[in-house]
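Structural overview for review
Here is how the chains run, residue by residue.
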Amino acid sequence: MEDNVLAAVSKPVARSRKSSAESLCYEKNFSFEGFEQHFTTPEGFEKLKMAAELGNLEKTGCRWNAWRALCGALDITSPETMRRSVEEGRKRYYIELDKYNKLKEQFKQDLTLCNPLAGGQITPQNPLSSFYEDQELESTIKQDIDRTHQEKEFFSNAAVKDMMMNILFIWSKANPNPSYRQGMNELVAVILYVCHREAVPPDQPKANEKDQLLAFLNDEEHVEADVYIVFERLMKGHVEMFATHQPPQGNKKKIDDRPKTSAIIQRSNKIQNVYLHIVDRELQTHLQSKQVEPQIYLLRWIRCMLVREFHLQDSLVLWDTIFADFKPSNGTLEMIDFICLAMLSFVRSALLSKDDAAFCLQRLLKFPPVEDMKSISDLAYRYRSTIRENQRTVNAMLNPQANQAEKKKEFSLPTPSAILSSSRPNPAPTTTTTTTTTTTTAPTPTTTTTTHTNGETSRQVVTPVSYTHLRAHETGRNLVCRLLLEKKKKIDLT
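Anyway, here's the lowdown on the structure attached to this text. The numbers attached to residues start from 1 for each chain and follow its sequence in the written order. This being a predicted model, a pLDDT of at least 70 is required before a residue's local features are given, and a value of 80 or more before pairs of side-chain atoms are given or counted; all residues contribute to the totals for chains, interfaces and linings. Water and hydrogen atoms were dropped before computing side-chain values, which therefore reflect all heavy atoms in the structure.

**Points about the overall build of the protein chain**
- To qualify as a helix, a DSSP run of H or I must reach at least 4 residues; to qualify as a strand, a run of E must reach at least 2; elements of each kind are numbered from the N terminus. The secondary structure content of the protein chain amounts to 21 helices and six strands.
- What makes two residues a contact is simply this: any of their non-hydrogen atoms within 4.5 Å. Counted over contacts in the protein chain with a minimum sequence separation of 6, partners at least 24 positions apart contribute 69%.
- Surface exposure here means Shrake-Rupley accessible area, sampled with a 1.4 Å probe, where a residue is shielded only by the protein chains that are shown. As displayed, the protein chain has an accessible area near 27700 Å², and 50% of this comes from carbon and sulfur atoms.

The structure is reproduced here in structure tokens:
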């Protein structure tokens, strides 16, 4: 069944792809030599990953497959696993696309399903309700697609717009929460642009089996399916940035119904008020004193993964860095945080030169051109090392209440009896023990008389511990507290 779906759906996809390729063939950047060099041995791929960290993937002609492998969409263990992972992804997408196309045809042919005058109430279970929801979703997506990178001829192509529509609509239907949100179109646009540039046309000559493998992996007829799989992987950890928390419904409020801060707001606060405080306290204090709210500019930076702040070709260098640090297990895109820090550092002088919050926001929302994007990624890596070295401080700032409780538990003073019980050596086996107390004005000593099994008797006077010294000194990394206990010598009376 899956093979039939793949064959049926790929034909119209191939026709639309052909028209796109003919008009935009100058965009191609695939490399058979680069693929053989970097995807045939583990050492070759490590070099490719290093190139991604340095922002040099453009020269390799393997950016697309490097992104796929780094996000887990392409299994590079062997040529067989490469083919299998790509085939499975394409079949899965075409099944979903076939469902979408059949549903649209059903509404067109059966007028009773979409005729509000046919009787019956429009409810969530009514197919007509789903029809109207899909129409509204398509309209919203189309509106954003029409405004995506219209300065580039590639995104004005009708076939490209159709592919973006299918990818975003199918993903939104498969993920109703949060469904489609503005900014997702920017992510799909970047992935589609890179995939198409390295797509291999069907009539491209292949010299050997490795060339044939690359032609299969980068088949121009399956660009749409391949882009969907990478977008799906990317959104695995990034979807939370588009989520919104709805207020509790009804009049009854529960304990758990307290207002919650969205993930994007929390992340924005962490970058400006925690990370920036560690790497550049002066700049963080300045922004805070001017009441520059971090989410005003970081919401767009994070959601769109910095695409809106730079030219498309420049933003690809930053995406290389982000994918190089990608965690396929959970989809974490942590590198975005450190790139944001590097960007703040880049405009540091301009921000500190003005005491106007409006100027600061204007500078951050209209970022100046960067001559060398690698300088941003290099600085991001340095900031990542700094933050990781100060992870304990980061945790304390993110959760101050837990940190205070931990300090209180760590530095709580033990009672004298607890110290004595822990420090007193285990006595020899005894048969009887009697205790007498001597009354004095000083701290009350305790006299213990012990009768051993051999008949001998011994006495011991123990005086409570006096806490006479409590000193603290601060080092460069942490606060060290030392409790100096002055213990009086034990007097043995026999």
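**Here we look at the nonpolar core**
- The set of buried Ala, Val, Leu, Ile, Met, Phe, Trp, Tyr and Cys residues whose side-chain atoms join them within 4.5 Å is what this entry labels a nonpolar core. Burial status follows relative accessibility: with a 1.4 Å probe on protein chains alone, a residue under 20% of its type maximum counts as buried, one over 50% as exposed, and anything between as partly exposed. Membership of the largest hydrophobic core comes to 117 residues, with the highest contact counts inside it found for Phe39, Val227, Phe231, Tyr297, Trp301, Trp319 and Ile339.
- With ten residues, helix H8 (residues 184-197) is the largest single contributor of residues to this core.
- What valine 227 contacts, discounting residues up to four positions off in sequence, is Trp64, Ile167, Val188, Ile191, Leu192 and Cys195.

**Quick notes on unusual backbone geometry**
- The omega angle of the peptide bond from asparagine 177 to proline 178 is 20 degrees, so this bond is cis rather than trans.
- Position of proline 178 relative to the elements: it lies in the loop between helix H7 (158-174) and H8.
- Residue glutamine 291 is not a glycine yet carries a positive backbone phi of 60 degrees.
- The topology assignment puts glutamine 291 in the loop between helix H12 (281-289) and helix H13 (294-303).
- The phi torsion at methionine 305 lies on the positive side, around 50 degrees, for a residue other than glycine.
- Note on placement: methionine 305 falls in the loop between H13 and helix H14 (312-324).
- The class of methionine 305 is buried, set by a relative accessible area of 0%.

**Section: the packing of aromatic side chains**
- We call Phe, Tyr and Trp rings a pair once their centres come within 6.5 Å, taking the six-membered ring for Trp, and we label the pair stacked below 30 degrees between planes, edge-to-face above 60, and tilted otherwise. Under the definition given, this model contains 19 aromatic pairs.
- Between phenylalanine 154 and tyrosine 193, the aromatic rings sit 5.8 Å apart at their centres with planes inclined by 80 degrees, giving edge-to-face as the arrangement. With a gap of 39 residues between them, phenylalanine 154 in the loop between helix H6 (127-145) and H7 and tyrosine 193 in helix H8 connect regions that are remote in the sequence.
- In this structure tyrosine 193 comes out as buried when scored by relative accessible area, which is 3%.
- Between the aromatic rings of tryptophan 171 and phenylalanine 231, the centroid separation amounts to 5.6 Å while the plane-to-plane angle is 70 degrees, which identifies the pairing as edge-to-face.

**Topic: the side chain of serine 85**
- Here serine 85 lies in helix H5 (residues 79-109).
- Once residues within four sequence positions are removed from consideration, serine 85 is found in contact with Ala73, Leu74 and Asp75.

**Observations concerning the packing of helix H4 (residues 63-70) against H8**
- For helices, the fitted line uses only the C-alpha atoms of the stretch in contact; every axis is such a line through C-alpha atoms, and the angle between N-to-C directions lies from 0 to 180 degrees. Here H4 crosses H8 at 125 degrees, and the two axes come no closer than 8 Å. By the angle class used here, H4 and H8 are oblique. Two secondary-structure elements touch here, H4 through Arg63, Trp64 and Trp67 and H8 through Val190, Ile191, Val194, Cys195 and Arg197.
- Gly counts as polar in this scheme, as do all residues outside two lists: the nonpolar Ala, Val, Leu, Ile, Met, Phe, Trp, Tyr, Cys and Pro, and the charged Asp, Glu, Lys and Arg. Here the contact of H4 with H8 is built from residues that sort into six nonpolar, no polar and two charged. Orientation categories follow fixed angle ranges, with anything under 35 degrees roughly parallel, anything over 145 roughly antiparallel, 65 to 115 roughly perpendicular, and all other angles oblique.

**A closer look at the packing of H13 against helix H17 (residues 357-365)**
- Taken N-terminus to C-terminus, the directions of H13 and H17 make an angle of 5 degrees; their axes are 10 Å apart at the nearest point. Taken together, H13 and H17 sit at an angle that is classed as roughly parallel. Packed against H13, whose contacting residues are Ile296, Tyr297, Arg300 and Trp301, the element H17 presents Leu361, Leu364 and Leu365 at the interface.

**Section: H12**
- Among all positions in H12, only Leu283, Gln284, His286 and Leu287 are buried. With its buried residues spanning 160 degrees around the axis, H12 presents them on a single face. Of the exposed residues in H12, the ones pointing more than 90 degrees away from its buried face are Arg281 and Glu282.
- Taken together, the buried residues of H12 touch helix H11 (263-279), H13, helix H15 (335-346), helix H16 (348-352) and H17.
- Immediately beyond the C-terminal end of H12, within one or two residues, lies glutamine 291, with a positive phi of roughly 60 degrees. An arc is given here, and it is the one of the directions from the helix axis to the C-beta atoms.

**A closer look at H13**
- Taken as a whole, H13 has its buried residues at Pro294, Tyr297, Leu298, Trp301, Ile302 and Arg303.
- Downstream of H13 by one or two residues, methionine 305 has phi in the positive range, about 50 degrees.

**Comments concerning the side chain of aspartate 211**
- Within the element layout of this structure, aspartate 211 appears in helix H9 (residues 209-217).
- Positive charges come from Lys and Arg alone, negative charges from Asp and Glu alone, with His and the N- and C-terminal ends not counted. Definition used for salt bridges: Asp or Glu carboxyl oxygen within 4 Å of a side-chain nitrogen of Lys or Arg. Notably, aspartate 211 is buried but unbridged: the nearest opposite-charge side chain belongs to lysine 210, and the N-O separation is 8.5 Å.
- N or O atoms closer than or at 3.5 Å make up a polar contact, with two conditions inside protein: a donor-capable atom paired with an acceptor-capable one, and, for residues adjacent in sequence, both atoms drawn from side chains. Polar side-chain contacts of aspartate 211 include one of 3.1 Å to the backbone nitrogen of alanine 207.
- Setting aside residues up to four positions removed in sequence, aspartate 211 forms contacts with Phe32 and Lys206.

**Topic: the environment of isoleucine 296**
- Looking at the element boundaries, isoleucine 296 is found in helix H13.
- Judged by its relative accessible area of 41%, isoleucine 296 falls in the partly exposed class.
- Sequence separation between isoleucine 296 and isoleucine 265 is 31 residues, and the spatial gap between their C-alpha atoms is 9.5 Å.
- In this view, isoleucine 296 contacts Leu361 and Leu365; residues no more than four positions away in its chain are not counted.

**Observations concerning the environment of tryptophan 64**
- For tryptophan 64, the position within the fold is in helix H4.
- By relative accessible area, which is 0% here, tryptophan 64 ends up buried.
- As a C-alpha pair, tryptophan 64 and isoleucine 191 span 127 residues in sequence and 8.3 Å in three-dimensional space.

**Considering the pattern of salt bridges**
- Evaluated as defined, the whole model comprises 22 salt bridges.
- With a shortest N-O distance of 2.8 Å, arginine 348 and glutamate 282 are connected by a salt bridge. Within this pair, whereas arginine 348 is found in helix H16, its partner glutamate 282 is found in helix H12, the two being separated by 66 residues in sequence.
- Accessibility expressed as a relative area gives 25% for arginine 348, which makes it partly exposed.
- One salt bridge connects aspartate 325 with arginine 384, and the closest N-O pair in it is separated by 2.7 Å. Within this pair, whereas aspartate 325 is found in the loop between H14 and H15, its partner arginine 384 is found in helix H18 (residues 373-389), the two being separated by 59 residues in sequence.

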